[in-house]
Amino acid sequence: MSVLITGIGELTTNTEAAGDALVIDGEQIAWVGNAQNAPAADERVDVEGRAVLPGWVDSHTHLVFAGDRTAEFGARMAGKPYTAGGIAVTVNATRQATDAELAEVVRKHVAEALKQGTTFIETKTGYGLNVPDEVRSARIAAEHADEITFLGAHLVPPGEDADTYVDLVRGEMLDAVAPLVRWADVFCEKGAFDYDQSKAVLEAAQAKGLGLRVHGNQLGEGPGVRLAVELGAASVDHCTYLSQEDIDALASSQTVATLLPACDLSTRQSLPPARALLDAGATVALASNCNPGSSYTSSMAFCVTTAVLQMRMTVEEAVWAATAGGAQSLKRDDVGVIRPGARADLHVLDAPSITHLAYRPGVPLTHSVWRRGERSL
Ligand code: NIG
């Protein structure tokens, strides 16, 4: 089944492909160009001057959870600081939930994101923190999300010895979860895991063939970025507090700096130094960090709007970061772009240009979405 989409007012492809029309064939983009040269297709859809861009690639979420942290959020808005310790509340609730309950939470949030234009999503374990709950988190995540990350090193479970727990994570837990995931991650931060503990986990994961990601520099300057760059991690996420050395290290590395502005707003941190990163030559991605504690939103548009209005990114930089940037952080070249052969993941805005994402903040602009060639809105 092929579909010819015409009447595109502005086409953002993140590649050299250009035009005002495109053809989807099955799950892939088959052709991009000007309508007068379009090949025949089974169906035709006229988007009447609307902007078309790749579906959002949300490269950082934590969707396998149970429970609610509204009270913690309320206390934070009244002045209480965010700490890593809140993770334990979600761990307790997650351990008590059934598989069906956890699967429904993941399904519901992936569907919520899709309605807003997110067509590719990464999610993590990290609220199980024992072998059986980390394994089932990975298994359930894989039923609904596109890329799965092992985050056994999210927090030392309260009452457990840190070094003993690190040995469990890089030993038995990693052995059990590795076949189900492509990535491993650590929360390298005060109150979670220090440089040596994080390095031990990441090196064990690398030896098992997993790609590396790091949660770093979220709550203050620290060793997370340095560690990510040293180990050649695909991405270091948060990057809220960076020294000049961190920025220089990122700029001269292949490690993507994934910024999570909704999280910084929701935890009342500063916003990350996006302009300094971009000006230094670092690769920047934007993601939602959807989770019940620090960032309970699935809205990539909100992240893009914030990046433009408050982090001094241009609209083009922010849209690239939320599509091709996320894909790069996951080492994918088939999503986040529109070109023949790429996955047919499209986001049609009810607006003539991507500039409206920042020009009309807060307005739901998703008109229609195709994921893997299937129209969902
Ligand atoms: O990315 N930083 C660590 N993990 C999550 C927060 C998880 C939570 O508070 O439940 C994050 O912000």
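Structure: above.
Residues numbered from 1 in each chain as written. Predicted model: local features only at pLDDT ≥ 70, side-chain atom pairs only at ≥ 80, totals over all residues. Heavy atoms only, no water.

Colleague: Please clarify how the packing of helix H5 (residues 162-177) against helix H6 (residues 195-207) should be interpreted in this entry.
Modeller: The geometry of a pair of packed helices is captured by two quantities: the angle between their axes and the separation between those axes. Between H5 and H6, the least distance of the axes is 10 Å, while the angle of their chain directions is 10 degrees. Here H5 is positioned roughly parallel relative to H6, judged by the angle of their axes. For the pair H5 and H6, the contacting residues are Ala162, Asp163, Val166, Val169, Arg170 and Leu174 in the first and Gln197, Ala200, Val201, Ala204 and Ala205 in the second. (Axes fitted to C-alpha atoms, helices over the stretch in contact; angles between N-to-C directions. Helix = DSSP H or I, 4+ residues; strand = E, 2+ residues; numbered from the N terminus. Parallel < 35°, antiparallel > 145°, perpendicular 65-115°, else oblique. Contact = heavy atoms within 4.5 Å.)

Colleague: Help me out: how do you make sense of the site of the ligand in this one?
Modeller: In the region of the ligand, 16 residues are neighbours, and Arg69, Tyr82, Tyr127, Gln218 and Ser294 sit closest. Contact between the ligand and histidine 154: a nitrogen atom at 2.7 Å from a side-chain N or O atom of the residue. In the model, an oxygen atom of the ligand is placed 3.0 Å from a nitrogen or oxygen of the histidine 238 side chain. In the complex, the protein chains occlude 100% of the 320 Å² of accessible area that the ligand would expose alone. Within the shell around the ligand, the residues separate by chemical class into 5 nonpolar, 10 polar and 1 charged. (Near = heavy atom within 4 Å. Polar contact = N/O pair within 3.5 Å; in protein donor to acceptor, adjacent residues only side chain to side chain. Areas by Shrake-Rupley, 256 points an atom, 1.4 Å probe, with all protein chains shown as cover. Nonpolar A, V, L, I, M, F, W, Y, C, P; charged D, E, K, R; others polar.)

Colleague: Can you help me understand the sheet that holds strand S17 (residues 374-375) in this one?
Modeller: To summarise the sheet geometry, strands pair through backbone hydrogen bonds and adopt either a parallel or an antiparallel arrangement. What the 5 strands build is an open sheet, ordered S2-S6-S15-S16-S17; its pairing is mixed. Each edge of the open sheet carries a strand with a single partner, namely strand S2 (10-11) and S17. With 4 bridges joining them, strand S15 (residues 346-349) and strand S16 (residues 366-371) adopt antiparallel strand pairing. The partner of valine 348 across the bridge, within S16, is serine 368. (Pairing = 2+ DSSP bridges.)

Colleague: What should I look at first to understand the pairing of strand S6 (residues 51-54) in this one?
Modeller: Here S2 pairs with S6 via 2 bridges, running parallel. If you follow leucine 11 over to S6, its bridge partner there is valine 52. Pairing geometry for S6 and S15, over 3 bridges, is antiparallel. Looking at the pairing, valine 52 lines up with valine 348 of S15.

Colleague: What's the story with the pattern of salt bridges in this structure? I'm lost.
Modeller: Pairing is possible between side chains of opposite charge, provided their charged atoms come close. Counted according to the given criterion, the structure contains 22 salt bridges. Taking the shortest distance from any N to any O, the salt bridge between aspartate 99 and arginine 136 comes out at 2.7 Å. Within this pair, whereas aspartate 99 is found in helix H3 (residues 99-115), its partner arginine 136 is found in helix H4 (residues 131-144), the two being separated by 37 residues in sequence. Note on arginine 136: relative accessible area 10%, which makes it buried. Close ionic contact of glutamate 104 with arginine 107 constitutes a salt bridge, the shortest N to O distance being 2.8 Å. A residue pair is termed a helical-turn pair when its members lie 3 or 4 positions apart in one helix, as glutamate 104 and arginine 107 do in helix H3 at 3 residues. The partly exposed category is assigned to glutamate 104, whose relative accessible area is 37%. Judged by its relative accessible area of 38%, arginine 107 is partly exposed. Shared partners join several salt bridges into a network, and the residues in it are Asp99, Asp133, Arg136 and Arg139. (Salt bridge = Lys/Arg side-chain N within 4 Å of Asp/Glu carboxyl O. Buried < 20%, exposed > 50% of the residue type's maximum accessible area, 1.4 Å probe, protein only.)

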